[in-house]
Amino acid sequence: MSESCNSRHFSWLMKSCLPNPSDAKSLVPIHHANPPATVTPISSLPDDLLLECLSRVPSSSIPSLTAVCRRWSRLLLSPYFLHLRRRLGLLRHSLFAISAVDSGLFAAVLQIQSEIPSWRVSLAVCADGGQGSLSHARAAAIGPRVYVVSRNAVLRYDSWMGTVSLRSPMIFPRKKFAIAVVSGKIYVAGGGGGSEVTAAVEEFDPERNRWEVVTHAARKRYGCIGAAVDGVFYVIGGLKIGNETSVTSRGTAAHVYASSMDLFDVRSRQWLRSRSVPGGGCVVAACAAVGHVYVLSSHAVELSFWRFDARRGGGGGFGEWTRLKSPPLPAQVRLDGTVRFSCVGVEDKVAVVQVVGCIDDLLRRSGRSERGLRESLVLLYDTVDGEWRRAADLPEMITRAACACVEW
């Protein structure tokens, strides 16, 4: 790819500015009273003006524009390009589910705001020739790029380009950790590898492709969930792995961790007061949406759905819990290693996605007697009217998916 733009790399955006030789009218000489002004090619524009032009193109044209030259490719990958498209209202939020296979990644996208939402699936191959192990992977999205973070590898999937590339792995290999995005950076906490659970909270800067430890958590959580609202990283649920010798103390500590969340203020680098989910139970899924943290909690024989007011800008509502209508799941669904859910906030909707296991009750209700068949249930909660509805099930090839909300 050339560093500068020349005639061989003109895209449709530039060709549209040139006369059509087959059009006779465009070849008729025009007599000017004054000498014609010098035409400035688009390639000679400064970066800020060029970005203003490029930010208005359709998303489907972005892959071809990055092939024009290295300069255009660099500008299209810059955070300012994303900022301009967001300001122009050209970005839409969609639910992405990513599943790893030997040849690459299956990426499925569901545009929830469509009249008839349906999944679109594509296969992306890692350009770096390898992807490592993606077991127990978590996903976090920054604009159109999804970062799939696992114990030993980090992959970046570009939803515009449909490409996959390797990024730097975490400093401390871990699994079943909390992950969230705050101000364009990724934060992970909790989890562990092998018998060791780490207290280190790591920050990933995608521009520098670098991880660093920013603080240590007072409580070590394994199997926790992450969310972020208003500059606060929420580390929710999970189990305590400690050295208590008493069976009673171990059980009590595990229960406290499973039904509580720690709050880390990213800007001040300070831990705020921990909060407990009302009614106890075990947090099995959580996410952030429209200034709140939504929590799905299991109470052995039933589920409860809660909303935590995470808005710190005033109004006096911060810290208040509200119980919401529970998702319409079959009674006595066992939420363990057999059935697991992921929770994702997509604009004013909360998506609950079944990412592992099957629900036999659903099969029997639909008139089928098979056991072990995947259903990949997807439920949507409308934060405005407070109602649940069922969305299209995950595609068959998407297994053990890592889910995230993507702007693209």
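No experiment lies behind these values; they were computed from the predicted model shown.

Draft legend 1. Representation of the overall build of the protein in the model. Helix and strand counts for the protein come out as seven helices and 28 strands. By residue count, 49% of the 408 residues in the protein fall in the buried class. Put simply, of all contacts in the protein between residues at least 6 apart along the chain, 52% involve residues at least 24 apart. If you sum the accessible surface of the protein, you get close to 19900 Å²; carbon and sulfur atoms cover 52% of it.

Draft legend 2. Spatial organisation of the sheet that holds strand β19 (residues 270-276). Spatial strand order, β15-β16-β18-β19: four strands in an open sheet with antiparallel pairing. Among the strands making up the open sheet, the edge pair consists of β15 (225-229) and β19. The average undirected angle you get between the axes of adjacent strands in this sheet is 25°. Sheet topology places β15 next to strand β16 (residues 232-236); five bridges connect them, and they run antiparallel. Bridge pairing links Val-229 to Val-232 in β16.

Draft legend 3. Representation of the nonpolar core. Counting 37 residues, the largest nonpolar core has Trp-72, Val-146 and Tyr-157 as its most contacted members. The residues contacting Tyr-157, other than those within four sequence positions of it, are Phe-96, Ile-98, Leu-105, Ala-107, Ser-122, Ala-124, Pro-144, Arg-145, Val-146, Gly-162, Thr-163 and Val-164.

Draft legend 4. Up close: a nonpolar patch on the surface. A contiguous nonpolar surface patch, about 220 Å² in accessible area, is contributed by Ile-171, Phe-172 and Val-213. Take Val-213: it is sitting in strand β13 (residues 210-216). Residue classification places Val-213 among the partly exposed positions, given a relative accessible area of 32%.

Draft legend 5. Summary view of unusual backbone geometry. Positive phi, close to 55°, is recorded for Lys-176, a residue that is not glycine. If you trace the backbone, Lys-176 turns up in the loop between β7 (163-167) and β8 (178-182). Looking at Lys-176, the relative accessible area reads 27%, which means it is partly exposed. Not every positive phi belongs to a glycine, and Glu-347 is a case in point at roughly 55°. Secondary-structure assignment places Glu-347 in the loop between β24 (340-346) and β25 (349-356). Owing to a relative accessible area of 33%, Glu-347 belongs among the partly exposed residues under this scheme.

Draft legend 6. Inspection of the sheet that holds strand β23 (residues 321-324) at higher detail. Spatial ordering of the open sheet is given by β20-β21-β22-β23, a layout of four strands whose pairing is antiparallel. The open sheet has two free edges, formed respectively by β20 (282-289) and β23, since each of these has just one partner strand. Going from strand to strand, the sheet's axes swing by 25° on average, the running direction of each strand aside. Where β20 lies against strand β21 (residues 292-298), seven bridges are found, and the strand directions are antiparallel. Residue pairing for β21: Ala-285 is matched across the bridge by Leu-296.

Draft legend 7. Geometry of the packing of helix α2 (residues 47-54) against helix α5 (residues 79-87). Here α2 crosses α5 at 45°, and the two axes come no closer than 10 Å. Judged by the inter-axis angle, α2 sits oblique to α5. In this structure, α2 meets α5 at a crossing whose hand is right-handed. On the side of α2, the interface is formed by Leu-51, Glu-52 and Leu-54, while α5 contributes Tyr-80, Phe-81, Leu-84, Arg-85 and Arg-87. Here the contact of α2 with α5 is built from residues that sort into five nonpolar, no polar and three charged.

Draft legend 8. Here's a closer look at the environment of Gly-89. As for its placement among the helices and strands, Gly-89 is situated in the loop between α5 and β1 (93-101). The exposed category is assigned to Gly-89, whose relative accessible area is 56%. Here the alpha-carbon distance between Gly-89 and Arg-56, two residues 33 residues apart in the chain, equals 9.9 Å.

Draft legend 9. The pattern of salt bridges, seen in detail. Scanning all chains against the criterion turns up 19 salt bridges. In this structure, Arg-86 engages Glu-407 in a salt bridge whose closest nitrogen and oxygen atoms are separated by 2.8 Å. Pair noted here: Arg-86 is in helix α5 and Glu-407 is in strand β28 (residues 402-407), with a separation of 321 residues, a long-range link. Its relative accessible area of 40% is what places Arg-86 among the partly exposed residues. What emerges from the salt-bridge pattern is a single network uniting Asp-47, Arg-71 and Arg-74.

About the criteria used
Residues numbered from 1 in each chain as written. Predicted model: local features only at pLDDT ≥ 70, side-chain atom pairs only at ≥ 80, totals over all residues. Heavy atoms only, no water. Helix = DSSP H or I, 4+ residues; strand = E, 2+ residues; numbered from the N terminus. Buried < 20%, exposed > 50% of the residue type's maximum accessible area, 1.4 Å probe, protein only. Contact = heavy atoms within 4.5 Å. Areas by Shrake-Rupley, 256 points an atom, 1.4 Å probe, with all protein chains shown as cover. Pairing = 2+ DSSP bridges. Axes fitted to C-alpha atoms, helices over the stretch in contact; angles between N-to-C directions. Core = buried A, V, L, I, M, F, W, Y, C linked by side-chain atoms within 4.5 Å. Patch = residues over 30% accessible without salt bridge, like charges linked within 9 Å, V, L, I, M, F, W, Y side chains within 5 Å. Salt bridge = Lys/Arg side-chain N within 4 Å of Asp/Glu carboxyl O. Parallel < 35°, antiparallel > 145°, perpendicular 65-115°, else oblique. Left-handed = near helix turned anticlockwise from the far one by under 90°. Nonpolar A, V, L, I, M, F, W, Y, C, P; charged D, E, K, R; others polar.

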